[in-house]
Amino acid sequence: MKNVTITLDEEVARWARIMAAEQNTSVSRLVGELLREKMIEEQNYQIAMQQYLSQPPKILKTPGEKFPTREALYERKGLR
């Protein structure tokens with residue numbers, strides 16, 4: 001574990017103390033858990049973005065053909 005010092009607005013500090021008390025934990029642990037959750041969310045987002053961007057592009061039309069309409073795209077995806 002690493003100790004760090006943070007500065008909070010009084011309103012934020014009050015909220016953190018209340019939340020920590022409700023969860024029967026310390027403000028320090030509460031902040032640590034919130035930061036861990038944020039880190040995991042960011043990592044999951046980056047993984048999803050890399051997976052999406054690694055897919056080959058999809059051809060929507062052949063040369064000379066018009067792009068499909070929004071309605072056709074949604075129907076094709078089964079979103080209607």
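Everything below is about the structure shown above.
Here's a quick rundown of the structure.

Calculation criteria
- Residues numbered from 1 in each chain as written.
- Predicted model: local features only at pLDDT ≥ 70, side-chain atom pairs only at ≥ 80, totals over all residues.
- Heavy atoms only, no water.
- Patch = residues over 30% accessible without salt bridge, like charges linked within 9 Å, V, L, I, M, F, W, Y side chains within 5 Å.
- Areas by Shrake-Rupley, 256 points an atom, 1.4 Å probe, with all protein chains shown as cover.
- Salt bridge = Lys/Arg side-chain N within 4 Å of Asp/Glu carboxyl O.
- Helix = DSSP H or I, 4+ residues; strand = E, 2+ residues; numbered from the N terminus.
- Buried < 20%, exposed > 50% of the residue type's maximum accessible area, 1.4 Å probe, protein only.
- 1 Å grid on protein atoms, 1.4 Å probe; cavity = no way out; pocket = protein on both sides within 12 Å on 5 of 7 lines; lining within 4 Å.
- Points joined across faces, edges and corners; volume = space filled by probe spheres on them.
- Phe/Tyr/Trp six-rings, centres within 6.5 Å; stacked < 30°, edge-to-face > 60°.
- Lys NZ or Arg CZ within 6 Å of the ring centre and 35° of its normal.
- Axes fitted to C-alpha atoms, helices over the stretch in contact; angles between N-to-C directions.
- Parallel < 35°, antiparallel > 145°, perpendicular 65-115°, else oblique.
- Contact = heavy atoms within 4.5 Å.
- Nonpolar A, V, L, I, M, F, W, Y, C, P; charged D, E, K, R; others polar.

A short note on a nonpolar patch on the surface
Then step 1. Residues Val 4, Ile 6, Leu 8 and Val 12 make up a contiguous nonpolar surface patch of about 350 Å² in total accessible area.
Then step 2. Inspection of the secondary structure assignment puts Leu 8 in the segment before α1 (10-22).

Quick word on the environment of Ile 47
Then step 1. By the element assignment, Ile 47 lies in helix α2 (residues 27-53).
Then step 2. In this structure Ile 47 comes out as partly exposed when scored by relative accessible area, which is 44%.
Then step 3. Ile 47 sits 43 residues away from Val 4 along the chain, and the two C-alpha atoms are 28 Å apart.

Details of the layout of surface pockets
Then step 1. Reported here for the largest pocket is a volume of approximately 500 Å³.
Then step 2. Around the largest pocket, the lining comprises 13 residues; the ones closest to its centre are Met 1, Lys 2, Ser 28, Arg 29 and Gly 32.

Section: unusual backbone geometry
Trans peptide bonds make up the majority, and among non-glycine residues the majority have a negative phi.
Then step 1. Of note, Asn 24 is a non-glycine position whose phi angle comes to about 55°, a positive value.
Then step 2. Tracing the backbone shows Asn 24 in the loop between α1 and α2.

Focus on the pattern of salt bridges
Then step 1. According to the stated counting rule, one finds one salt bridge in the structure shown.
Then step 2. Between Glu 10 and Arg 17 there is a salt bridge, with the nearest N and O atoms lying 3.1 Å from each other.

Comments concerning the packing of aromatic side chains
Then step 1. Applying the stated criterion across every chain yields a total of zero aromatic pairs.
Then step 2. Its guanidinium or amino end placed over the ring of Phe 67, Lys 61 lies 4.9 Å from that ring's centre, counting from NZ or CZ.

Here we look at the packing of α1 against α2
Then step 1. Taken N-terminus to C-terminus, the directions of α1 and α2 make an angle of 95°; their axes are 9 Å apart at the nearest point. The angle between α1 and α2 falls in the class roughly perpendicular. Counting all contacts with α1, which are made through Trp 15, Ala 16, Arg 17, Met 19 and Ala 20, the residues of α2 involved are Val 27, Leu 30 and Leu 34.
Then step 2. A class-by-class count of the residues in the contact of α1 with α2 yields seven nonpolar, no polar and one charged.

Without other data, these values stay purely geometric and don't point to any function.
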